[in-house]
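Topology and contacts: notes
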Amino acid sequence: MDSFEHLKRELNRVCPGIEIKENEPMSEHTTFRIGGPVALMALPRTTEETVNAIRVARSLDIHPFLVGRGSNLLCGDGPLEHFVILTRPGLNQLERVGETTIRCGAGVPMRQVACFAQQEGLTGFEFAHGIPGSMGGGVVMNAGAYGGELQHVVTQTTALDAEGNLRVFRGEEQRFGYRHSVFMEQELIVLETLVELQPGDPVAIQARMDDLLRRRKRTQPLEWASAGSTFKRPRGAYAAALIDQCGLKGYQVGGAQVSEKHAGFVVNKGGATCADVLALTDHVKDVVWQHTDYRLELEIQLML
């Protein structure tokens, strides 16, 4: 029996009523609007259902690929032999659990957490208001912007390990670094996290978020589909400055282009394929290396 057919049958047995899609285009689930059909996709409704779906897949030696908002993801063009679990439906808990603590499910958008914190009069999460990803993906890569990073506010994360056990990581156990965490080092799937903030004035918090949003709109190509910052910041330099220095702003392959507004973004100008983006980023890396001696690394994740 085909492995995905077997998986589908087991999912229906263990998680009766779970929504399952076959050959769902990943272009519908990424901010890049790029990606071919994925073999199987599940939309769990609860944390328990999400955990059970992960355990079922792993029991069949199938590696589940969890996707939140798909904001840092580039998917291949052809049929994708993957099992995708969408985190938005099931891992959506968002609540204040202490004087200054918020519990966030991995599927909750960071923007939603920022708005919730503002409504609760809690400050310290404003930097994440414009980051388009979800909390799970954000924690895994220690997302950040405008001088703030999740490592500054995330105190505890619950994850599922390779053996199917729930594990809690606190403080330094999360091993946060620049676009890095322990959840990248091991086969760990983030389920929820605790964010510790400070009391603040809701009006001032909203003003700060509005200011950061204006800055984003002014400096970033938000009018085009993209996966956000395409390259990691190399030590001692900035990727966008290096790319601009090499005269690559506006460089285009097919429908993919180095943004003319911000060289750190590769955007989909319409009809871009994964092959277009990879050809473009390979060219950018080669030119930057030849002219500056800096080796750029992709920040976006790949599903090929």
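All of these numbers come straight from a predicted model, not from anything done at the bench.

**Thoughts on the nonpolar core**
One finds Leu-7, Phe-83 and Phe-125 to be the most contacted residues of the largest nonpolar core, which totals 52 residues. If we skip the residues at most four places from it in the chain, Phe-83 touches Phe-4, Leu-7, Leu-11, Leu-40, Met-41, Ala-42, Ala-53, Ala-57, Ile-62, His-63, Pro-64 and Phe-65. Within the second largest apolar cluster, 26 residues are counted, among which are Ala-237, Cys-246, Val-288 and Leu-296.

**Notes on the pattern of salt bridges**
Scanning the entire structure with this criterion turns up 16 salt bridges. A salt bridge links Arg-179 to Glu-299; the nearest nitrogen and oxygen atoms lie 3.7 Å apart. Highlighted residues: Arg-179 in the loop between strand S12 (166-170) and helix H5 (182-185) and Glu-299 in the loop between helix H8 (274-292) and strand S19 (301-303), separated in sequence by 120 residues. Each member of the pair, Arg-179 as well as Glu-299, carries the same accessibility label: buried. A salt bridge links Glu-297 to Lys-232, with the shortest nitrogen-to-oxygen separation between them at 3.8 Å.

**With respect to helix H3 (residues 110-119)**
Within H3, seven of the 10 residues are buried, which leaves it mostly tucked inside the rest of the structure. Turning to H3, its buried residues number three or more, namely Met-110, Val-113, Ala-114, Cys-115, Phe-116, Ala-117 and Gln-118. Positive phi appears at Gly-121, one or two residues downstream of H3, with a value of about 70°.

**Quick word on the pairing of strand S13 (residues 189-196)**
Within S13, seven of the eight residues are buried, which leaves it mostly tucked inside the rest of the structure. As paired strands, strand S7 (residues 101-105) and S13 are joined by five bridges and run antiparallel to one another. Residue pairing for S13: Arg-103 is matched across the bridge by Leu-194. Pairing analysis gives six bridges linking strand S11 (residues 154-160) to S13, with the strands arranged antiparallel. Bridging across to S13, Gln-156 finds its partner in Leu-194.

**Re the pairing of S7**
With four of five residues buried, S7 is to be regarded as a mostly interior element. Sheet topology note: the strand S6 (residues 94-96)/S7 ladder contains three bridges and is antiparallel. Residue pairing for S7: Glu-95 is matched across the bridge by Arg-103. Where S6 hands over to S7, the hairpin turn is made up of four residues, counted between the paired strands.

**Quick word on the sheet that holds strand S17 (residues 256-258)**
Read from one edge of the open sheet, four strands run S15-S18-S17-S16, paired in antiparallel fashion. The sheet is open, and its two borders are formed by strand S15 (225-229) and strand S16 (252-253), each paired with just one other strand. The pairing of S15 with strand S18 (residues 265-268) spans three bridges and is classified as antiparallel. Bridge assignment links Ser-226 to a residue of S18, and that residue is Val-267. This element, H8, spans S16, S17 and S18 of the sheet and lies at about 25° to S17.

Scoring rules and cut-offs
- Residues numbered from 1 in each chain as written.
- Predicted model: local features only at pLDDT ≥ 70, side-chain atom pairs only at ≥ 80, totals over all residues.
- Heavy atoms only, no water.
- Core = buried A, V, L, I, M, F, W, Y, C linked by side-chain atoms within 4.5 Å.
- Buried < 20%, exposed > 50% of the residue type's maximum accessible area, 1.4 Å probe, protein only.
- Contact = heavy atoms within 4.5 Å.
- Salt bridge = Lys/Arg side-chain N within 4 Å of Asp/Glu carboxyl O.
- Helix = DSSP H or I, 4+ residues; strand = E, 2+ residues; numbered from the N terminus.
- Pairing = 2+ DSSP bridges.
- Axes fitted to C-alpha atoms, helices over the stretch in contact; angles between N-to-C directions.

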